[in-house]
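What follows is each chain in one-letter form.
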Amino acid sequence: GSALLAAGVARTLGDFDAAERILNGLPASPTLENERAALLWHRGDCDAALALWKKLPDSSAVRFNRGMALLFTGKPAEARDELAAAAASLPDSSGWHALARLYQAVAEIAG
């Protein structure tokens, strides 16, 4: 709950060490591992982040993040499929749905 949110805020603010300390104190879960992958991504360890996202069970957030990572690591065909699946699992009224569709279109143009 709030500790995971605090880790995400710390990551977003660029305090990666604080984010990692918070994450290390939390019980394992797919949501925690999704945040851990995001931290790896923000630290510039894109390959490790993508590898972790590929291991996680499918969810809207994981598929969106996996798709974005694939797109920005030069794998647009794989990204398109992940982003389409993410969009399909989100309500049409969601801003995340629109964003997934936007990046899906970018992936289609890119590859």
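A few points on the structure. Nothing here was measured: the structure is a model prediction, and the numbers come from that model.

Attention shifts here to the packing of helix α5 (residues 60-72) against helix α6 (residues 76-88). Direction vectors running N to C along α5 and α6 enclose 160 degrees, while the axes themselves pass 8 Å from each other. Classed by the angle they form, the pair α5 and α6 counts as roughly antiparallel. Judged by the sense of rotation from one axis to the other, the crossing of α5 with α6 is left-handed. Mapping the contact onto sequence places S60, R63, F64, R66, G67, M68, L70 and L71 in α5 and P76, E78, A79, E82, L83, A85 and A86 in α6. Each residue belonging to the contact of α5 with α6 can be placed in one class, and the counts come to nine nonpolar, two polar and four charged.

Turning our attention to the nonpolar core. Judged by nonpolar contacts, the single largest core of 19 residues is most densely connected at W53, F64, A79, L83 and A100. Sorting the residues of this core by element identifies α3 (30-42), α4 (46-55), α5, α6 and α7 (95-110) as the ones contributing at least two each. In terms of residues, this core owes the most to one element, α5, which gives six residues. Residues contacting F64, with those up to four places away along its chain left out, are L83, A86, W96, L99 and A100. Of all hydrophobic cores here, the second largest spans eight residues; its members include A7, A10, L23 and L39.

Owing to its 3.6 residues per turn, the α-helix aligns residues three or four sequence positions apart on the same side. Spanning 16 residues, α7 covers 23 Å between terminal C-alpha atoms, matching the ideal 22 Å at 1.5 Å per step. Residues H97, A100, Q104 and A107 constitute the buried set of α7. End-on view of α7: buried residues confined to an arc of 80 degrees, all on one side of the axis. In α7, the exposed residues that point more than 90 degrees away from the buried face are G95, I109 and A110. The opening residue of α7 is S94, an N-cap whose side-chain oxygen sits 3.0 Å from the backbone nitrogen of W96.

A volume near 420 Å³ is recorded for the largest pocket. What lines the largest pocket is a set of 20 residues, among which N34, A61, F64, N65 and W96 lie closest to the centre. In the lining of the largest pocket, the residues fall into twelve nonpolar, six polar and two charged.

A separate point is the packing of aromatic side chains. Taken as a whole and judged by the stated rule, the model has three aromatic pairs. When the centroid spacing of 6.2 Å and the interplanar angle of 70 degrees are considered together, the rings of F72 and Y103 count as edge-to-face. Separated by 31 residues along the polypeptide, F72 in helix α5 and Y103 in helix α7 bring together distant segments of the chain.

Once that is clear, we can look at the pattern of salt bridges. Evaluation of the coordinates by the stated rule reveals nine salt bridges. Measuring nitrogen to oxygen at the nearest pair gives 2.8 Å for the salt bridge that ties D17 to R43. Here the residue D17 occupies a position in helix α2 (residues 16-24), and R43 occupies one in the loop between α3 and α4, the gap between them amounting to 26 residues. Of the charged contacts, one joins D81 and R80 as a salt bridge, the two residues approaching to 3.7 Å between their closest N and O atoms. Taking the relative accessible area as the measure of exposure, D81 reaches 47% and is therefore partly exposed. Shared partners join several salt bridges into a network, and the residues in it are D58, R63, R66 and E82.

How each quantity is defined
- Residues numbered from 1 in each chain as written.
- Predicted model: local features only at pLDDT ≥ 70, side-chain atom pairs only at ≥ 80, totals over all residues.
- Heavy atoms only, no water.
- Axes fitted to C-alpha atoms, helices over the stretch in contact; angles between N-to-C directions.
- Helix = DSSP H or I, 4+ residues; strand = E, 2+ residues; numbered from the N terminus.
- Parallel < 35°, antiparallel > 145°, perpendicular 65-115°, else oblique.
- Left-handed = near helix turned anticlockwise from the far one by under 90°.
- Contact = heavy atoms within 4.5 Å.
- Nonpolar A, V, L, I, M, F, W, Y, C, P; charged D, E, K, R; others polar.
- Core = buried A, V, L, I, M, F, W, Y, C linked by side-chain atoms within 4.5 Å.
- Buried < 20%, exposed > 50% of the residue type's maximum accessible area, 1.4 Å probe, protein only.
- Expected span 1.5 Å × (residues − 1).
- Arc of directions from axis to C-beta.
- Polar contact = N/O pair within 3.5 Å; in protein donor to acceptor, adjacent residues only side chain to side chain.
- 1 Å grid on protein atoms, 1.4 Å probe; cavity = no way out; pocket = protein on both sides within 12 Å on 5 of 7 lines; lining within 4 Å.
- Points joined across faces, edges and corners; volume = space filled by probe spheres on them.
- Phe/Tyr/Trp six-rings, centres within 6.5 Å; stacked < 30°, edge-to-face > 60°.
- Salt bridge = Lys/Arg side-chain N within 4 Å of Asp/Glu carboxyl O.

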